[in-house]
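In case you want the letters, here they are:
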Amino acid sequence: MRHHHRRSEQLYTLIWGPITFLVIFFVGLRLISNVSIFSNILPTGSHTGYFYFLLHALVLTLGRLFIAYCLAVMVAIPLALFSTKSHKMESIFLPVFDILESVPALAFFPILIIFFVRSNFLNGAAILIIFLSMLWNLVFTLVGGLKIIPPDIKGVAHVFGLERLDYLRKVILPAIFPQFVTGSILAVAQGWNIIIVAEVLHTYIPGGTSAQDLLGIGSVLVRAAASGNNDLFVLTLFVMILAIVFLNFFVWQKLLRSAERYRFE
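Every residue gets a number counted from 1 within its own chain, in the order that chain's sequence is written. Where local features are concerned, this predicted model is filtered to residues with pLDDT of at least 70; where side-chain atom pairs are given and counted, the filter is 80 or more; whole-chain, interface and lining totals use all residues. Note: side-chain values were computed over all heavy atoms of the structure, leaving out hydrogens and water.

(A) How the structure looks around the overall build of the protein chain. We count a stretch as a helix when DSSP gives it H or I for four or more residues in a row; a strand needs E for two or more, and each element gets its number in order from the N terminus. Along the backbone of the protein chain there are 11 helices and 0 strands. Looking at the 265 residues of the protein chain, the share that counts as buried comes to 37%. Note on contacts: a residue pair qualifies if any of its non-hydrogen atoms lie within 4.5 Å across the two residues. Look at the contacts in the protein chain between residues 6 or more apart in sequence, and 73% of them connect residues 24 or more apart. Here the Shrake-Rupley method, with its probe set to 1.4 Å, supplies the accessible areas, and only the displayed protein chains count as covering residues. Working note: accessible area of the protein chain is about 15000 Å², and carbon and sulfur atoms make up 69% of it. A simple rule labels every residue: compare its accessible area, found with a 1.4 Å probe on the protein chains alone, to the largest value its type can have, and call it buried under 20%, exposed over 50%, or partly exposed in between.

Okay, here's the thing in structure tokens:
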């Protein structure tokens, strides 16, 4: 049964996933090439100009997500290791993490954004709020992964006298890799959910204007909806879905397959 399950996953990742992606991609190109549908939203009278504008917005959004994700990983791994170091540490820090996770990340946004406006670093505000939305998904999945490592594995590592760094590199990190992948998927999904808020900053700035918004897929979606430009909204939403599908098929599915080697039976 497990062998059949793995074969199905391989077919999904190697065949059905790419086929689905290509179908969506070419359908999208067909729509974009239909100038009669999108002629009222093309800034230069050419569909290619508008397509590259959306591609530019997507790249900026992906850049913010990537930076926030890297920061979340750098913070989450030490937090998870530190909080599970002993039962006493768990009893102190895990309830604190529960409380911090329950507080909406947007609750800090109006305060944080004032600092970034004064520093003239609005991208920093967007990245920070995305980071906060991602962090706890990673922390709690990693904590769960650390707690299910069999004591025998840890005991063997101590018998062989692995030093702290070798123990971390050869035992701990491989052991929590499946949970790390799962937490990463959840974290990035949360980042996509909050990207609209993170890029439309003027609503959180006292006396702010739309000129203070960051160019990205999220802000383009909001402007399209606010102006009633349904064609722009549909096309931008398509580009976002295409990016998510691409990441799922060609990044997360491959990582999930790799993580199967490290799961404890």
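(B) Geometry of the nonpolar core. Throughout this description, the term nonpolar core refers to a set of buried Ala, Val, Leu, Ile, Met, Phe, Trp, Tyr and Cys residues connected via side-chain atoms within 4.5 Å. Ile130 and Met134 are the most contacted members of the largest nonpolar core, which totals 58 residues. Looking at this core, the element that brings in the most residues is helix α6 (residues 122-147), giving 15 residues.

(C) Spotlight on the side chain of serine 133. Relative to the helices and strands, serine 133 resides in helix α6. In this structure serine 133 touches Ala105, Gln190, Gly191 and Ile194, once residues within four positions along its chain are discounted.

(D) Representation of the pattern of salt bridges. The salt bridge criterion pairs a side-chain nitrogen of Lys or Arg with a carboxyl oxygen of Asp or Glu, the two atoms within 4 Å. Under the criterion given, the structure shown has 2 salt bridges. Among the ionic pairs, arginine 64 bridges to glutamate 199, the shortest N-O distance being 2.9 Å. You can see arginine 64 sitting in helix α3 (residues 47-83) and its partner glutamate 199 sitting in helix α9 (residues 177-199), a full 135 residues away along the chain. A salt bridge links lysine 147 to glutamate 90; the shortest N-O distance between them is 2.8 Å.

(E) Quick look at the packing of helix α4 (residues 87-102) against α6. Packing of α4 against α6 leaves a shortest axis separation of 10 Å and a crossing angle of 150 degrees. Taken together, the axes of α4 and α6 are roughly antiparallel relative to one another. Relative to α6, the crossing made by α4 is left-handed. Of the residues in α6, those touching α4 at Glu90, Leu94, Phe97, Asp98, Leu100 and Glu101 are Trp136, Val139, Phe140, Val143 and Lys147. Axes here mean lines fitted to C-alpha atoms, for a helix over just the part in contact, with angles spanning 0 to 180 degrees between N-to-C directions. Roughly parallel refers to an angle under 35 degrees, roughly antiparallel to one over 145, roughly perpendicular to one between 65 and 115, and oblique to any angle outside these ranges. Each crossing gets its hand from how the near helix is turned against the far one by less than a right angle, where anticlockwise is left-handed and clockwise is right-handed.

(F) Examining the environment of isoleucine 67 more closely. With respect to the element layout, isoleucine 67 can be found in helix α3. Here the alpha-carbon distance between isoleucine 67 and isoleucine 127, two residues 60 residues apart in the chain, equals 7.0 Å.

(G) How the structure looks around helix α10 (residues 217-227). What α10 keeps buried is the set Ile217, Gly218, Ser219, Val220, Leu221 and Ala224. Directly after α10, the chain includes glycine 228, whose backbone phi takes a positive value near 75 degrees.

(H) Local environment of the confidence of the model for the protein chain. Scored by pLDDT, the protein chain has a mean of 78; 75% of the residues are at 70 or more. Least confident of the elements in the protein chain is helix α2 (residues 35-38), whose mean pLDDT is 39; most confident is α9, at 92. Of the regions scoring below 50 in pLDDT, residues 1-5 engages in 2 contacts with residues more than four places distant in sequence or in other chains. Taken as a whole, residues 32-47 scores under 50 in pLDDT and shows 20 contacts with residues more than four places along the chain or in a different chain. A residue's pLDDT is the predictor's confidence in that residue, given on a scale from 0 to 100.

(I) A nonpolar patch on the surface, seen in detail. The patches reported here contain residues having more than 30% relative accessible area and no salt bridge. Joining distances are 9 Å for like charges and 5 Å for nonpolar side chains (Val, Leu, Ile, Met, Phe, Trp, Tyr). Side chains of Phe66, Ile67, Leu71, Met74 and Val75 sit close together on the surface and give an oily, nonpolar patch of about 470 Å² of accessible area. Looking at the secondary structure, you find valine 75 in helix α3. Note on valine 75: relative accessible area 31%, which makes it partly exposed.

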